[in-house]
Amino acid sequence: MRRLDDAMSSPQAMTKSELIARLAERNPRLVARDADEAVKAILDMMGAALIQAGRIEIRGFGSFALNYRPPRIGRNPKSGERVQVPAKFVPHFKAGKELRIRVDGSGEADPHSASQSDPRPVR
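Residues numbered from 1 in each chain as written. Predicted model: local features only at pLDDT ≥ 70, side-chain atom pairs only at ≥ 80, totals over all residues. Heavy atoms only, no water.

Can you walk me through helix H2 (residues 32-53) in this structure?
Each α-helix turn comprises 3.6 residues. Residues three or four places apart therefore point the same way. The end-to-end C-alpha distance of H2 is 31 Å, a good match for the 32 Å that 22 residues give at a rise of 1.5 Å each. Taken together, the buried positions of H2 are Ala35, Val39, Met46 and Leu50. Taken around the axis of H2, the buried residues stretch over an arc of 40°, which confines them to a single face. Away from its buried face by more than 90 degrees, H2 exposes Arg33, Asp44, Met45, Ile51 and Gln52. (Helix = DSSP H or I, 4+ residues; strand = E, 2+ residues; numbered from the N terminus. Expected span 1.5 Å × (residues − 1). Buried < 20%, exposed > 50% of the residue type's maximum accessible area, 1.4 Å probe, protein only. Arc of directions from axis to C-beta.)

So, in structure tokens, the structure goes:
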């Protein structure tokens, strides 16, 4: 069974405004307006980096990449009519090892102590 921190015990997803509020709470020197600007700037930069380079890696957290979806024939669920769905790129997130260990709750946050039995290097 997964263990969740008290902060994440709610089954709801964290919204951007909740993230901004928590960031401002945890950093008393940071005004809420500055936290808002910082979060928006980071998200804007991440979006721009995905568009430009197609990949973002944040060590210990995970990586974002673009996956190509080829064109296909789909169906309109209401009418059953066949519809041409164009090719597109969709963002994909892959959690890093440290994040997977923290979310699972079966290990410690430190990847070096959690991977003592695994001889492979931590990426």
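Looking at this model, I keep getting lost on the pairing of strand E2 (residues 62-69). Mind explaining?
Along any regular strand, the residues point their side chains to alternate faces of the sheet. As paired strands, strand E1 (residues 55-58) and E2 are joined by four bridges and run antiparallel to one another. Paired with Glu57 across the strands is Ser63, a residue of E2. Between the end of E1 and the start of E2, which pair antiparallel, lie three residues, with Gly60 showing a positive phi angle near 85°. Direction of pairing for E2 relative to strand E5 (residues 88-95): antiparallel, over a ladder of eight bridges. For Phe64, the partnering residue across the bridge sits in E5 and is Phe93. (Pairing = 2+ DSSP bridges.)

Got a minute to help me understand the sheet that holds E1 in this structure?
As a general point, the strands of a sheet are linked pairwise by backbone hydrogen bonds and lie either parallel or antiparallel. The three strands are arranged E1-E2-E5 in an open sheet whose pairing can be described as antiparallel. Looking at strand neighbours, the two that pair on one side only are E1 and E5, the edges of this open sheet. Strand-to-strand twist of the sheet, defined as the mean angle between neighbouring strand axes without regard to direction, takes the value 25°. Packing against the sheet, H2 makes contact with E1, E2 and E5, and its axis sits at approximately 130° to E1. (Axes fitted to C-alpha atoms, helices over the stretch in contact; angles between N-to-C directions. Contact = heavy atoms within 4.5 Å.)

When you look at the environment of Lys97 in this model, what are you seeing that I'm missing?
Mapped onto the elements of the fold, Lys97 is located in helix H3 (residues 97-104). Sequence spacing of Lys97 and Gly62 is 35 residues, and the spatial spacing of their C-alpha atoms is 7.7 Å.

Quick question: what am I supposed to make of the packing of helix H1 (residues 16-26) against H2 here?
Each packed pair of helices is defined by two parameters, the angle between the axes and the distance between the axes. Look at H1 against H2: their axes get within 9 Å of each other, and the N-to-C directions meet at 125°. Taken together, the axes of H1 and H2 lie oblique to each other. As H1 runs across H2, the sense of the crossing is right-handed. Side by side, H1 and H2 meet where Lys16, Leu19, Ile20, Leu23 and Ala24 of the first sit next to Ala32, Ala35, Asp36, Val39, Lys40 and Leu43 of the second. (Parallel < 35°, antiparallel > 145°, perpendicular 65-115°, else oblique. Left-handed = near helix turned anticlockwise from the far one by under 90°.)

Would you explain the environment of Glu57 in this entry?
Here Glu57 is to be found in strand E1. On a C-alpha basis, the gap between Glu57 and Lys94 in space is 9.6 Å, while along the polypeptide they are 37 residues apart. Once you skip the residues sitting within four places of it in the chain, Glu57 turns out to touch Gly62 and Ser63. Engagement of the side chain of Glu57 in a polar contact is seen with the side chain of Arg55, the distance being 3.1 Å. In terms of polar contacts, Glu57 uses its side chain to reach the side chain of Arg59, at 3.2 Å. (Polar contact = N/O pair within 3.5 Å; in protein donor to acceptor, adjacent residues only side chain to side chain.)

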